[in-house]
Amino acid sequence: LSVSGASRSLTIAAKAESLGAVTEFVRKGAREASLPEERIGQVDLLIDELITNICIHAYRGDMPGDVTVTYSVPAPGELSVEVADQGAEFNPLKAEPPDLTSSLEARPIGGLGIHLVKTFAASLTYRRDQGWNRLTFGISASP
Amino acid sequence: MQPQQNDKSALNIERAQVYDHVVLIVSGRMDAENAPQFEEKCNVCMAEGCTTLVVDLGGLTYVSSMGLRSFLSVAKTLQSKGGALRLCCLKGLVKQVFEITGLMQVLSVYESVESAIPRG
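Residues numbered from 1 in each chain as written. Chains lettered and ligands numbered in written order. Predicted model: local features only at pLDDT ≥ 70, side-chain atom pairs only at ≥ 80, totals over all residues. Heavy atoms only, no water.

1. Quick notes on the pattern of salt bridges
- If you walk through the whole model with that rule in mind, you get 10 salt bridges over all chains.
- The salt bridge partner of A:E32 is A:R8, with a shortest N-O separation of 3.3 Å. Separated by 24 residues along the polypeptide, A:E32 in helix α1 (residues 19-32) and A:R8 in the loop between β1 (2-4) and β2 (9-13) bring together distant segments of the chain.
- We classify A:E32 as partly exposed; its relative accessible area is 44%.
- A residue is classified by how much of its surface remains accessible, and A:R8, at 28% relative accessible area, is partly exposed.
- Residues A:E82 and A:R127 are paired through a salt bridge, measuring 3.9 Å at the closest nitrogen-oxygen approach. In this pair, A:E82 is assigned in strand β4 (residues 78-85) and A:R127 in strand β5 (residues 123-129), connecting sequence segments 45 residues apart.
- Bridged by salt links that share partners, the residues A:E24, A:R27, A:D44 and B:R29 form one connected network. (Salt bridge = Lys/Arg side-chain N within 4 Å of Asp/Glu carboxyl O. Helix = DSSP H or I, 4+ residues; strand = E, 2+ residues; numbered from the N terminus. Buried < 20%, exposed > 50% of the residue type's maximum accessible area, 1.4 Å probe, protein only.)

Below, the structure written as structure tokens:
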């Protein structure tokens, strides 16, 4: 675990047990950006879904790896967070949107995480960069 | 320390009986790590013969998609047994997450414990 104050980034093992530390780290950024309490819950959820995705899709099975989370406050009331990993190329923005109208019997139990990310993030971009998956989301204090 | 930080990763599930019905009172945060606890509690109730479960989510402050999986999975199992999962008292972020994912339409969701308890 390493925290760099200047770049405000945290590198940590990509696994469920790391989620608490990453959440705490990004909350610092949320407080620096003066996001209201309601938004901080949404930031927790964005981080949770993205880290869970990396654990499932980027580092599959017994292929462990790290995740680097970097935040910045581009303007008061705005938080930008990049979540980067070196796992298999995976662009969650290309995932098929879930059918939100199907009946309980027909409903698959997965596929809702990225839908939540797309809804809560004010901006969302993905790029594959020399072996890295880099997903960046923005969230702002105003609706 | 804020109360929210005290229970940051904890999920609490209490069990109550209202007339013939089991009510699970769920509070705290539900994520990938602890959602299986909820499914286990439900499985215990089902093993005892419950086909309809009322779940009070009034104290739940956070749910991720892994928590939603658990609700869907339990609801499907109960429905296949001719029963239902009846959720109530959703608020804040949890209610928002259910609305965004369309689960308010697909699951049985009630305003209060009283209205969630089956009558007759």
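2. Digging into the interface of chain A and chain B
- Across the boundary between the two partners, chain A contributes 28 residues, which contact 27 residues of chain B.
- Considering only the surface of chain A that becomes buried against chain B, A:L104, A:R107 and A:I109 emerge as the three largest contributors, covering 28% of it.
- Run the count over chain A and chain B and you get one salt bridge.
- For the salt bridge of B:R29 with A:D44, the shortest nitrogen-to-oxygen distance reads 3.3 Å.
- In this assembly, chain A and chain B are joined by 10 residue pairs in polar contact (both at pLDDT 80 or more).
- Every element with two or more residues in the side of chain A that touches chain B is listed here: α1, α2 (37-58) and α3 (113-120) of chain A.
- Take the side of chain A that touches chain B: its biggest share by element is nine residues, from α2(A).
- Looking at the side of chain A that touches chain B, its residues break down into 10 nonpolar, nine polar and nine charged. (Contact = heavy atoms within 4.5 Å. Buried area = accessible area lost by both parts, 1.4 Å probe. Polar contact = N/O pair within 3.5 Å; in protein donor to acceptor, adjacent residues only side chain to side chain. Nonpolar A, V, L, I, M, F, W, Y, C, P; charged D, E, K, R; others polar.)

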